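Below are the chains, spelled out letter by letter.
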Amino acid sequence: MSEFAGHLRLRAETHEDGKTVIVRQSFRAPFHVGKSYWDEDGQTLRVQVVNPTAGILEGDRLETDVSVGTNAALLVTTPSASRVFHMRAGEAVASQRFAVERGGWLEFLPEPLVPHQASRYRQVTEIEVAEGGELAFADLLMPGRLARGEAWAWSRLKLELSVRVGGELILRERLDQSGEELSTLAALARVGGERKGEEGRANGENETTGNACCFGNIVLVSRALTDDGAWREKIEALHGPRAWIGVSALRGNRGGWSLKIIAGDGAELRRVMTAAREILAEKLPRMQTSLRRV
Amino acid sequence: MEAREESTVSDVAWLAGMLQLGDTFYPTGAYAHSYGLEGMVEAGAVCNRDDLRTFLSGSALPTLRQMELPLVVHAWRALGGAENAQPDWGAVGDLCVLASALKTAKEARFAAENIGRQRVELAAKLRGHPLAVEFVRRAEAEGWPYSPSIAAALETQVLGAPLDAALASVFYANIAGLLAAAMKLLRLGQNGCQTLLTEMMTRVNEIVREAKRVPREEIGWFNPWLDIAAARHERAAARLFIS
């Protein structure tokens, strides 16, 4: 299969009226940038990135480069899940770079990645936030097409994430597990399933999707998020049998936080994400920006 | 056979040194940590011996293979490797930061940093080895976070021990530490723990061999269940272990 190279390049800056505008944009299929909207409530420019093709295919080479200038505020969303399709031999590779300058705000909130059976996908994400910049970055992952009873069936999935604040590495994560390896751990935790009894056995297990769960990996960078804040308690209170939620400060004392969610299904992941975003908006007002479909 | 009988004291000094480092008598503070296991027990994920076995083989061993042991390997090389070359202190510092950045949960990171600091400082204080002394000086001056894996690489260089011995030692200490904590958290006897320890040790050759092949840019392992359990343990109302 021939290679297909697409790119998305966006540069947001502050206009003289104080609103954020896109000063540079370049994209090539499978990326398409929709019309941007200024959200008065969140004082943020919302941009929706659409993939007009069916999804990510074998041989795709995708490059994303989004930067936010001083005091600019940008929300990037996608309207639908990114499906990574079955691949015979090759792989698809996505390279993502995000940069936020001092006083800038970037929220990146795409719909989940859905790796199909026998897909091979590698995604490398590099984020650089200047001291005084703010970030809410979400990486959502479904284990497969749950409605079809498919879970953990990819051939290779590699997701790499590095986050630097003020040039210092505060987070490095690397998912390179087989579906079987993640399925084993999912079965142990049984998020969304029946709670284990004293002997550790769960009752009423759904054999098809009983081990399935959906991940929300959110990185926050803001000095407004302090260790003793009520925001953290409120988010932690969302934890329950249908969704595990953990919040912890990242290294470096640079305002970095990790918010991790493991939900029993996609609907629960969406519910928790929505609730967490509302809680965070109390400390990070730009998260008041509406996510309604435009 | 004759060669073995003629071993000199210097041939086994590193072994005696490693036994000292691995002894519970050696004050690293490691006994006070469960490395996330208490959080997994609290979350209801690890309830019994079968769960523990799954946790060890599905979480602890891959973490050793893909993260902790490769960190030892790369740090050992940066500290001079088998040729006792001049240390690449820039690479050592970068690995210290990487080791810290790989731990998203604050509690897990602090546990690692406290144990790593104690080990490095002991290596400098007890042996006065110039490499360990210089490590401490640079770490303090440049604000490097400490790490047990980087500390193990330093100890290996200080003792003149073979890299494989250090990797086996880290492997053993990691699994044995989890099992020691498990005995306090689960209904599990000493024999049950030793059975599991012995079973996991059958994997040591494979894990060490694969860990030595992990490139620096591929160091890391994804375990959101453990990260969440550690994050929640950080704020638990009652707990037996620090981590």
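Look above for the structure.
Residues numbered from 1 in each chain as written. Chains lettered and ligands numbered in written order. Predicted model: local features only at pLDDT ≥ 70, side-chain atom pairs only at ≥ 80, totals over all residues. Heavy atoms only, no water.

A. The arrangement of the overall build of chain A in detail. When you go through chain A residue by residue, the secondary structure sums to 3 helices and 18 strands. In terms of C-alpha radius of gyration, chain A reaches 19 Å, essentially the compact-globule figure of 19 Å for 294 residues. Viewed in the frame of its principal axes, chain A has a C-alpha envelope of about 65 × 55 × 35 Å. Within chain A, the proportion of its 294 residues that are buried is 54%. As presented, chain A carries roughly 12400 Å² of accessible surface, and 46% of it is formed by carbon and sulfur atoms. With 39 positive and 40 negative side-chain charges, chain A shows a spacing of 3 Å between the two charge centroids. (Helix = DSSP H or I, 4+ residues; strand = E, 2+ residues; numbered from the N terminus. Rg over C-alpha atoms; globule rule 2.2 N^0.38 Å. Buried < 20%, exposed > 50% of the residue type's maximum accessible area, 1.4 Å probe, protein only. Areas by Shrake-Rupley, 256 points an atom, 1.4 Å probe, with all protein chains shown as cover. Lys, Arg positive; Asp, Glu negative; His and termini not counted. Charge placed at Lys NZ, Arg CZ, Asp CG, Glu CD.)

B. Just the pattern of salt bridges, in detail. Applying the stated criterion across every chain, the model contains 42 salt bridges over all chains. Lys19 of chain A is the salt-bridge partner of Glu40 of chain A, the closest N and O atoms lying 3.5 Å from each other. Taken together, the residues span a long stretch of sequence, with Glu40 of chain A in the loop between strand E4 (37-39) and strand E5 (44-50) and Lys19 of chain A in the loop between strand E1 (4-14) and strand E2 (20-28) at a distance of 21 residues. Two residues, Arg137 of chain B and Glu134 of chain B, come together in a salt bridge whose shortest N-O distance is 2.9 Å. Of the two residues, Arg137 of chain B and Glu134 of chain B both sit in helix H7 (residues 130-142), 3 residues apart, roughly one turn of that helix. Taken together, the shared-partner salt bridges in this structure form one network comprising Arg156, Glu160, Arg172, Arg174 and Asp176 of chain A together with Glu218 of chain B. (Salt bridge = Lys/Arg side-chain N within 4 Å of Asp/Glu carboxyl O.)

C. Examining the interface of chain A and chain B more closely. Listed as interface residues are 40 residues of chain A and, on the opposing side, 40 residues of chain B. Roughly 3500 Å² of surface becomes buried between chain A and chain B when both sides are summed, with 59% attributable to carbon and sulfur atoms. Taken as a group, Arg174, Leu188 and Arg251 of chain A account for 20% of the area that chain A buries against chain B, more than any other trio of residues on that side. Scanning the region where chain A abuts chain B turns up 6 salt bridges. Close ionic contact of Glu234 of chain B with Arg232 of chain A constitutes a salt bridge, the shortest N to O distance being 2.9 Å. Inspection of the region where chain A meets chain B yields 15 residue pairs in polar contact (both at pLDDT 80 or more). Counting residues per element, the ones that place at least two in the side of chain A that touches chain B are strand E15 (168-175), helix H1 (179-189), helix H2 (230-236), strand E17 (243-249) and strand E18 (256-263) of chain A. The residue inventory of the side of chain A that touches chain B, partitioned by class, reads 19 nonpolar, 7 polar and 14 charged. (Contact = heavy atoms within 4.5 Å. Buried area = accessible area lost by both parts, 1.4 Å probe. Polar contact = N/O pair within 3.5 Å; in protein donor to acceptor, adjacent residues only side chain to side chain. Nonpolar A, V, L, I, M, F, W, Y, C, P; charged D, E, K, R; others polar.)

D. Structural context of the environment of Val170 of chain B. Within the element layout of this structure, Val170 of chain B appears in helix H9 (residues 163-185). With residues up to four places along the chain from it excluded, the contact list for Val170 of chain B reads Leu64, Leu69, Val72 and Ala152 of chain B.

E. Fine view of H1 of chain A. Among all positions in H1 of chain A, only Gly179, Leu182, Ser183, Leu185, Ala186, Leu188 and Ala189 of chain A are buried. Residues of H1 of chain A that are buried sit in contact with E15, strand E16 (214-221) and E17 of chain A together with helix H3 (37-42), helix H4 (49-78) and helix H12 (224-233) of chain B. Backbone geometry just after H1 of chain A places Arg190 of chain A at a positive phi near 50°.

F. Focus on the nonpolar core. Ranked by internal contacts, the top residues of the largest apolar core, which has 126 residues, are Met40, Leu52, Phe135, Ile175 and Trp225 of chain B. No other element matches the 14 residues that H4 of chain B contributes to this core. Sequence-distant contacts of Ile175 of chain B, defined by excluding residues within four places in its chain, comprise Leu56, Ala60, Leu61, Leu64, Leu197 and Met200 of chain B. One finds Ala73, Ile218, Ile235 and Val272 of chain A within the second-largest nonpolar core, a separate group that totals 34 residues. (Core = buried A, V, L, I, M, F, W, Y, C linked by side-chain atoms within 4.5 Å.)

G. Examining the sheet that holds E15 of chain A more closely. All names here are of chain A. One open sheet accounts for 7 strands, arranged E2-E1-E6-E9-E12-E14-E15; its pairing is mixed. With partners counted over all chains shown, the strands left at the sheet margins are E2 and E15, one partner each. Across the sheet, the axes of successive neighbouring strands diverge by a mean angle of 5°, strand direction being ignored. Strand direction decides the pairing type here: E1 and strand E6 (residues 60-68), joined by 9 bridges, are parallel. What sits directly across from Phe4, in E6, is Asp60. (Pairing = 2+ DSSP bridges. Axes fitted to C-alpha atoms, helices over the stretch in contact; angles between N-to-C directions.)

H. Structural context of a nonpolar patch on the surface. Residue and element names in this part refer to chain B. Among the surface-exposed residues, Val12, Leu15 and Leu19 lie close enough to one another that they form a single nonpolar patch of about 270 Å² accessible area. As for its placement among the helices and strands, Leu15 is situated in helix H2 (residues 9-22). Under the relative-accessibility criterion, Leu15 is labelled partly exposed at 40%. (Patch = residues over 30% accessible without salt bridge, like charges linked within 9 Å, V, L, I, M, F, W, Y side chains within 5 Å.)

I. Structural context of the packing of aromatic side chains. Scanning the entire structure with this criterion turns up 12 aromatic pairs over all chains. Ring plane angle 10° and centroid distance 5.4 Å describe the contact between Phe108 of chain A and Phe137 of chain A, whose orientation is recorded as stacked. One end of the pair, Phe108 of chain A, is in strand E10 (residues 105-109); the other, Phe137 of chain A, is in strand E13 (residues 134-141), with 29 residues separating them in the sequence. The buried category is assigned to Phe137 of chain A, whose relative accessible area is 1%. Look at Trp89 of chain B and Trp144 of chain B: their rings are 6.2 Å apart centre to centre, the planes differ by 25°, and that puts the pair in the stacked class. A residue pair is termed long-range when its members are at least 10 positions apart, and Trp89 of chain B in helix H5 (residues 89-101) and Trp144 of chain B in the loop between H7 and helix H8 (148-159) qualify at 55 residues. Grouping residues by exposure puts Trp89 of chain B and Trp144 of chain B together as buried. A connected cluster of aromatic rings, assembled from ring pairs, spans Trp152, Trp154 and Phe215 of chain A together with Phe222 and Trp225 of chain B. A cation over an aromatic ring shows up here: Lys35 of chain A above the ring of Tyr37 of chain A, its NZ or CZ 5.0 Å from the ring centre. For the cation-ring pair, Arg65 of chain B lies above Trp221 of chain B, with the distance from its terminal atom to the ring centre recorded as 5.3 Å. (Phe/Tyr/Trp six-rings, centres within 6.5 Å; stacked < 30°, edge-to-face > 60°. Lys NZ or Arg CZ within 6 Å of the ring centre and 35° of its normal.)

J. Here's a closer look at the environment of Leu182 of chain A. Along the chain, the position of Leu182 of chain A falls in helix H1. Here the alpha-carbon distance between Leu182 of chain A and Leu225 of chain A, two residues 43 residues apart in the chain, equals 31 Å. In contact with Leu182 of chain A, not counting residues within four places along its chain, are Trp152, Trp154, Leu175, Gln177 and Phe215 of chain A together with Phe222 and Trp225 of chain B.

Structural measurements only, silent on function.
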